[in-house]
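Understanding the architecture of this molecule
Here's the letter readout for the chains.
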Amino acid sequence: PKVTLIVKEIVSKNYYILGNILKPGKYPYFQGTSILQALATAGGFAEFANLEFVTVIRKHKGKEIRIPFSYSKYLNAEEGASNFSLLTDDIVIIP
């Protein structure tokens, strides 16, 4: 017998970047993608982006949690600033 399959939809894992970034949108998620890799993939910050108050919105046990990230503090190696990994469906907001 001959079998034909038609793919109607490809369901993949993504993360999202919004706000003052050069290429906002939906990006494919790969395990271990860091916040810095995500920002670079989206082309970097737009001219008037606030580098101090980047926020990652993550769903955890049915609730939204907000994870702050300061690009400036990370560059200056200040305490508490880390290049953490994103998870699937995270939303990165750059004010």
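All of these numbers come straight from a predicted model, not from anything done at the bench.

Next up on the list: the overall build of the chain. Each helix and strand counted, the chain has two helices and five strands in total. Order of helices (α) and strands (β) in the chain, N terminus to C terminus: β-β-α-β-β-α-β. For the chain, the C-alpha radius of gyration of 16 Å lies well beyond 12 Å, the compact-globule estimate for 95 residues. Projected onto its principal axes, the C-alpha coordinates of the chain cover approximately 65 × 30 × 20 Å. Expressed as a percentage of its 95 residues, the buried residues of the chain come to 31%. Within the chain, residue pairs in contact and separated by at least 24 positions form 55% of the contacts whose partners lie at least 6 positions apart. Carbon and sulfur atoms make up 57% of the accessible area of the chain, which amounts to about 6,900 Å² in all.

What follows deals with the confidence of the model for the chain. Of all residues in the chain, 97% have pLDDT values of 70 or greater, and the mean over the chain is 92. Across the chain, element-level confidence peaks in strand 5 (residues 91–94) with a mean pLDDT of 98 and bottoms out in helix 2 (residues 71–75) with 91.

Our focus in this paragraph is the layout of surface pockets. Size it by volume and the largest pocket reaches roughly 170 Å³. Elements that contribute at least two residues to the lining of the largest pocket include exactly strand 3 (54–60) and strand 4 (63–69). Tallied by class, residues from the lining of the largest pocket come to six nonpolar, four polar and three charged.

Let's shift gears to the sheet that holds strand 2 (residues 25–28). If you walk across this open sheet you meet the five strands as 2-1-5-3-4, and the pairing is mixed. Only two strands of the sheet have a single neighbouring strand rather than two, namely strand 2 and strand 4. Pairs of neighbouring strands in the sheet enclose a mean axial angle of 25 degrees, with direction left out of account. Of the pairings in the sheet, the one linking strand 3 to strand 4 comprises seven bridges and is antiparallel in character. The residue of strand 4 that forms the bridge with His60 is Lys63.

Rules of the game
- Residues numbered from 1 in each chain as written.
- Predicted model: local features only at pLDDT ≥ 70, side-chain atom pairs only at ≥ 80, totals over all residues.
- Heavy atoms only, no water.
- Helix = DSSP H or I, 4+ residues; strand = E, 2+ residues; numbered from the N terminus.
- Rg over C-alpha atoms; globule rule 2.2 N^0.38 Å.
- Buried < 20%, exposed > 50% of the residue type's maximum accessible area, 1.4 Å probe, protein only.
- Contact = heavy atoms within 4.5 Å.
- Areas by Shrake-Rupley, 256 points an atom, 1.4 Å probe, with all protein chains shown as cover.
- pLDDT = per-residue confidence, 0-100.
- 1 Å grid on protein atoms, 1.4 Å probe; cavity = no way out; pocket = protein on both sides within 12 Å on 5 of 7 lines; lining within 4 Å.
- Points joined across faces, edges and corners; volume = space filled by probe spheres on them.
- Nonpolar A, V, L, I, M, F, W, Y, C, P; charged D, E, K, R; others polar.
- Pairing = 2+ DSSP bridges.
- Axes fitted to C-alpha atoms, helices over the stretch in contact; angles between N-to-C directions.

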